[in-house]
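This is what each chain is made of:
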Amino acid sequence: MQVQSVPLGSVTIGPESWRDGTVRSIRRVERLVRQTRAGRSGSCSRHRSCSAAAGFTPKRTDDTAETSEDKITEEGPCGGSRDWKNKMSRPRTTGATLPLRGTQRTPVAPFPPSSLREQCAEASVAVAGEYMRRVREVEGQLRRQAGRVTQEGIKLEREKGHLERMLRSLRADLTVNRRSSEGRTGRISTAEMERDGADYLLACERRELAELKQDLEGALRNTLTQLQALGQSSRQLLNCASERARVLELLPHSGSAGGHGTAAHQTFTKTDPVSPFTPECKQVLDWSTLTVNRSQQLRGNIRQMLSSAITRQKDAHRAVNDGLVKKIAETTSLQQNLTLTSAATRQAAFRKQREINCIRHSHDRAQGPEYSGDILSREKLNRPLVQVYHRHPGTQLPEAAQLIQGSAVLRRCLMSSEGELLRLQRACLHLLDNLHGKRNAAQVDAAVVRMRRQQVDQRAVPALLQQGACRSQLPLSRVQ
């Protein structure tokens with residue numbers, strides 16, 4: 001209710017100072033009332049803004065008030081005093097419209113309702129609950145990504161184990177190759193110590209295994225680096241999830257269970273430092289996704305490298321074994337030929353020895369007995385018939401010349417036969433020495449092949465990778 005001025009009487013009975021003091025008091029009160037009404041309008045507008053923020057909308061009213069200054073008329077102290085007091089009484093705070101001058105009535109904004117605190121609390125709980133639910137979604141996404149990173153780490157750790165087993169197999173093959181080279185140096189014959197095709201195959205296998213070992217060691221270093229990156233990414237994801245989970249202690253489980261299933265796989269695109277999905281979370285998720293992709297690519301490369309390494313390792317091992325077996329076959333063939341040749345040479349030496357014995361016997365017979373008393377009378381050149389025949393000139397018997405020539409021929413045949421026999425014996429000894437060297441070389445190569453087949457453990461390589469390598473070799477074998 002607006003305070004209206006009261007018209008004063010035209011006749012003044014009391015003193016003017018008394019009247020002036022009263023008028024000033026009345027006007028002062030009117031100014032205070034107008035200021036109070038203006039303050040109430042501002043407070044009502046502030047209450048409306050607070051109510052809108054809290055989630056409720058008050059009834060809109062027109063808070064215009066009359067700004068013209070009312071005039072107060074003078075009235076006697078006795079006449080009309082009750083009506084003046086009623087008009088100057090305090091307005092009621094019921095949220096209704098207030099009467100203005102004349103017949104005009106302007107609505108005034110109501111006061112905030114009595115449930116303002118409850119409405120503000122409900123609005124705050126709704127905002128906090130929605131924030132917590134979105135934070136739970138972000139936390140779930142972070143923990144699911146951490147689980148994927150952990151699974152990728154387990155798979156990469158398995159590939160790391162395959163790499164280590166393959167490296168152990170390569171080191172074992174390098175040791176076998178070194179022992180094979182050292183074993184082949186134990187051949188007795190000097191002629192067999194020259195480098196041959198088997199030594200060249202061993203050198204090629206050594207280079208191939210060294211190259212494979214270097215490549216797999218580089219892949220193992222990359223795997224260890226990637227495992228460290230996956231571990232760091234998992235720790236960052238779990239740290240971010242733990243940091244996000246700090247506001248989930250008071251989340252109502254009954255209200256969050258229904259909406260969690262529909263928004264569990266929600267993708268957050270917009271980031272805000274004060275939102276549930278912070279830039280740190282986005283950065284960690286992006287980096288973890290990139291790390292997982294790199295790990296998957298690395299696993300594919302490792303699997304290809306392992307399959308290729310197994311194929312190359314088997315090919316090199318098979319080539320060396322085939323070369324050694326071929327060398328053993330060649331040595332055995334030469335050994336058999338040497339055996340036959342040495343037998344023929346020994347037979348020829350025995351035959352020549354019998355011939356020499358016959359020649360020596362004939363030469364001895366041609367020379368006659370060693371003692372002159374053993375010469376028969378018919379064999380002597382001074383027997384009476386010969387002496388009588390030699391009385392005439394030009395009558396020389398050829399007996400003596402023929403005996404001398406026959407003895408010389410037999411002596412020459414005997415010397416040549418003895419030389420041939422000596423050469424045959426030397427050739428036979430050389431063949432026997434060569435045969436012994438070939439036999440020793442074949443035994444050494446056979447021992448090397450047997451050692452290679454025993455020392456190479458196929459279980460050092462995973463059976464799955466062996467099957468993959470065999471499948472990759474199948475089309476090539478069919479073409480061959």
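Enquirer: Quick question: what am I supposed to make of the overall build of the protein here?
Expert: Assigned secondary structure in the protein consists of nine helices and two strands. Within the span of the protein, comprising 480 residues, buried residues form 31% of the whole. Here the analysis covers contacts within the protein between residues at least 6 apart in sequence; of these, 87% occur between residues at least 24 apart. Of the roughly 31,000 Å² of accessible surface on the protein, 54% is carried by carbon and sulfur atoms.

Enquirer: Looking at this model, I keep getting lost on the environment of T225. Mind explaining?
Expert: Inspection of the secondary structure assignment puts T225 in helix α4 (residues 197-244). Take T225: its relative accessible area is 51%, and that puts it in the exposed class.

Enquirer: Would you take a moment to explain the nonpolar core for this structure?
Expert: Looking at soluble globular proteins, one finds that nonpolar side chains tend to be buried together. In this structure, L142, L163, M166, L170, L216 and L237 are the most contacted members of the largest nonpolar core, which totals 29 residues. Looking at this core, the elements with two or more residues in it are α3 (116-184), α4 and α6 (279-367). Apart from residues lying up to four places away in sequence, L163 is in contact with L216, A219, L220, T223, I302 and L306. In terms of nonpolar packing, the next biggest core, distinct from the first, is built from eight residues, A198, L324, V448 and V449 among them.

Enquirer: When you look at the confidence of the model for the protein in this model, what are you seeing that I'm missing?
Expert: As a note on interpretation, predicted positions should not be read in detail where pLDDT is low. Chain-level pLDDT for the protein is 76 on average; 66% of the residues reach the 70-or-more range. Mean pLDDT per element in the protein: helix α5 (residues 253-260) is the minimum at 43, and α4 is the maximum at 93. In this model residues 254-265 is a low-confidence stretch, pLDDT under 50, and it forms eight contacts with partners more than four residues away in sequence or in other chains. This stretch, residues 473-480, has a pLDDT under 50; its non-local contacts, to residues over four places away or in other chains, come to two contacts.

Enquirer: Just to check I follow, could you spell out the packing of α4 against α6 for this structure?
Expert: When two helices pack together, their arrangement is given by the angle between the helix axes and the distance between those axes. The geometry of α4 relative to α6 is characterised by a closest axis approach of 9 Å and an angle of 165° between their N-to-C directions. On the basis of their axis angle, the class for α4 and α6 is roughly antiparallel. Judged by the twist between their axes, the crossing of α4 over α6 is left-handed. Among the residues forming the contact of α4 with α6, the class breakdown is 25 nonpolar, 12 polar and seven charged.

Enquirer: Just to check I follow, could you spell out the pattern of salt bridges for this structure?
Expert: Pairing of side chains with opposite charge becomes possible as their charged atoms draw close. Scanning the model with the defined rule gives 21 salt bridges in all. We note a salt bridge from D199 to R184, for which the minimum N-O separation is 2.5 Å. Separated by 15 residues along the polypeptide, D199 in helix α4 and R184 in helix α3 bring together distant segments of the chain. Here R184 makes a salt bridge to D445, at a shortest N to O gap of 2.9 Å. Here R184 is found in helix α3, whereas its partner D445 is found in helix α8 (residues 399-455), with 261 residues between them in sequence. Look at D445 and you get buried, because its relative accessible area is 0%. Salt bridges linked by common partners bring R184, R187, D196, D199, K327 and D445 together as one network.

Enquirer: Looking at this structure, I do not really get the environment of Y131. What am I missing?
Expert: Checked against the element boundaries, Y131 lands in helix α3. Spatially, the C-alpha atom of Y131 lies 8.9 Å from that of V247, the residues being 116 residues apart in sequence. Contacts of Y131, omitting those with residues within four sequence positions, involve R244, V247, V274, S275 and P276.

Enquirer: Is there a simple way to think about the side chain of N321 in this case?
Expert: On the secondary structure map, N321 appears in helix α6. In this structure N321 comes out as buried when scored by relative accessible area, which is 7%. A polar contact of 3.0 Å, which involves the side chain of N321, links it to the side chain of H317. In this view, N321 contacts R452 and R453; residues no more than four positions away in its chain are not counted.

Enquirer: Sorry if this is basic, but what is going on with a positive patch on the surface here?
Expert: Taken together, the side chains of R24, R27, R28 and R31 define a basic patch exposed on the protein surface. You can see R28 is positioned in helix α1 (residues 16-54).

Enquirer: Teacher, can you tell me more about the side chain of E205 here?
Expert: Note that E205 resides in helix α4. Taking the relative accessible area as the measure of exposure, E205 reaches 4% and is therefore buried. Excluding anything up to four places from it in sequence, E205 contacts N177, A316, H317, V320 and R452.

Enquirer: Mind showing me how you'd approach the packing of α3 against α6 here?
Expert: Where α3 meets α6, the closest approach of the two axes is 9 Å, and the angle between their N-to-C directions is 20°. With respect to α6, the axis of α3 lies roughly parallel. Seen along the crossing, α3 lies across α6 with a hand that is left-handed. Here the residues of the contact of α3 with α6 are counted per class, giving 16 nonpolar, nine polar and eight charged.

Criteria and cut-off values
Residues numbered from 1 in each chain as written. Predicted model: local features only at pLDDT ≥ 70, side-chain atom pairs only at ≥ 80, totals over all residues. Heavy atoms only, no water. Helix = DSSP H or I, 4+ residues; strand = E, 2+ residues; numbered from the N terminus. Buried < 20%, exposed > 50% of the residue type's maximum accessible area, 1.4 Å probe, protein only. Contact = heavy atoms within 4.5 Å. Areas by Shrake-Rupley, 256 points an atom, 1.4 Å probe, with all protein chains shown as cover. Core = buried A, V, L, I, M, F, W, Y, C linked by side-chain atoms within 4.5 Å. pLDDT = per-residue confidence, 0-100. Axes fitted to C-alpha atoms, helices over the stretch in contact; angles between N-to-C directions. Parallel < 35°, antiparallel > 145°, perpendicular 65-115°, else oblique. Left-handed = near helix turned anticlockwise from the far one by under 90°. Nonpolar A, V, L, I, M, F, W, Y, C, P; charged D, E, K, R; others polar. Salt bridge = Lys/Arg side-chain N within 4 Å of Asp/Glu carboxyl O. Polar contact = N/O pair within 3.5 Å; in protein donor to acceptor, adjacent residues only side chain to side chain. Patch = residues over 30% accessible without salt bridge, like charges linked within 9 Å, V, L, I, M, F, W, Y side chains within 5 Å. Lys, Arg positive; Asp, Glu negative; His and termini not counted. Charge placed at Lys NZ, Arg CZ, Asp CG, Glu CD.

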